[in-house]
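# Working through the structure, step by step
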Amino acid sequence: MLIMISLLVLLFVAGGGIYWWLSRGEDPSRVASTPATQNNQTATTGGQAATPAPAPAPAPAPTPVVDLSRASTYLSEPGLKCTFFVNYPDGMSGVVERFSARVVSHEAVRVSEVETGVERGEAFGYGFHYVERADGTYYILDQTPDEIFPVLKNNLTVGQTWNYQDNYGNITWTVADMGVDLNLGFATFEDCLLVKEDNQAVGFQSITYYAPGRGSVMVIDPGGATEYYKMTAFNRIDAAQAAQTVIKWSPNYAAIKDDRTQYQ
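Our subject in this report is the structure included herewith. (Residues numbered from 1 in each chain as written. Predicted model: local features only at pLDDT ≥ 70, side-chain atom pairs only at ≥ 80, totals over all residues. Heavy atoms only, no water.)

Among the nonpolar cores identified, the biggest contains 46 residues, and Leu 152, Phe 189, Cys 192, Leu 193, Tyr 209 and Val 217 are the most heavily contacted of them. When near neighbours in sequence (up to four residues on either side) are disregarded, Cys 192 contacts Asp 177, Met 178, Gly 179, Val 180, Leu 182, Tyr 209, Tyr 210 and Ala 211. Val 109, Tyr 138, Ile 237 and Val 246 belong to the second largest nonpolar core, which has 16 residues in total. (Core = buried A, V, L, I, M, F, W, Y, C linked by side-chain atoms within 4.5 Å. Buried < 20%, exposed > 50% of the residue type's maximum accessible area, 1.4 Å probe, protein only. Contact = heavy atoms within 4.5 Å.)

Quick look at the structure:
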């Protein structure tokens, strides 16, 4: 089981649906008023009300500055329900829904997600929790709350790399591009980050598109021939509804924390 978990976590950035595909058959227990303008009149010396001068137009609100070099920029905002079409490595395909919410009290845990679907009439779901540290973002599988793994590093630049090594192999991530606009038909995601994954442990390579505030929105093979994981819709939902769904499929959420004895 430890070998399976190790390989599964390395495959996460290729889309949570691939995690589910690999874990089928495992024991489930193990495995988010404009102020009114006053119309004051000023009296003239002749006793007539003067026409008031038009109020100046309000200054437009400043556009928030998004730091595209910071890993947390690419985390999902709480209160999202996103739908994905997934192509599994064995040729099967399916639809999964991803929900994001804040359910963990530990301040370092920025957001939690679950992916849910139906296989042979049976509902499934699994949870992930995202931690922000000084050097970037990490994730914790709800099923293995004592382990933590890297997602993205801070000070992102094209060509930057980071890796994870264990007894079963090495995985390397490389920033392939930044500031890319991705049109998925139903929406265009601006300023995407492209990260290439080379998973030597299982001989798997992919490119993940991360969109600011949306998390991963598409995963393809390096040649672009196969779309492993592709967003087809997203909606904002009630925060309580999102949290309820995340909690349902994350039985260990109350125990999640950023323990610095974990991998970093």
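Our focus in this paragraph is the packing of aromatic side chains. The description of two aromatic rings rests on the distance between their centres and on the angle between their planes. A complete count under the given rule lists 11 aromatic pairs for this structure. Relative to Tyr 139, the ring of Phe 128 has its centre 6.2 Å away and its plane inclined at 65°; by these criteria the two rings are edge-to-face. One end of the pair, Phe 128, is in strand S6 (residues 122–133); the other, Tyr 139, is in strand S7 (residues 136–141), with 11 residues separating them in the sequence. Here Phe 204 and Tyr 228 contribute two aromatic rings whose centre-to-centre distance is 5.2 Å and whose plane-to-plane angle is 45°, an arrangement assigned as tilted. Here the residue Phe 204 occupies a position in strand S12 (residues 204–211), and Tyr 228 occupies one in strand S14 (residues 227–236), the gap between them amounting to 24 residues. Three or more aromatic residues link up through ring pairs in this structure, and these residues are Phe 124, Tyr 126, Phe 128, Tyr 139, Phe 149 and Tyr 164. (Phe/Tyr/Trp six-rings, centres within 6.5 Å; stacked < 30°, edge-to-face > 60°. Helix = DSSP H or I, 4+ residues; strand = E, 2+ residues; numbered from the N terminus.)

Enumeration over the complete set of coordinates arrives at 10 salt bridges. For Glu 132, the salt bridge goes to Arg 70, with nearest N and O atoms at 3.0 Å. Placement of the pair is Glu 132 in strand S6 and Arg 70 in the loop between strand S2 (49–50) and strand S3 (80–87), with a sequence separation of 62 residues. Among the residues examined, Arg 70 registers a relative accessible area of 35% and is labelled partly exposed. (Salt bridge = Lys/Arg side-chain N within 4 Å of Asp/Glu carboxyl O.)

Any functional reading would require information beyond the geometric quantities listed.
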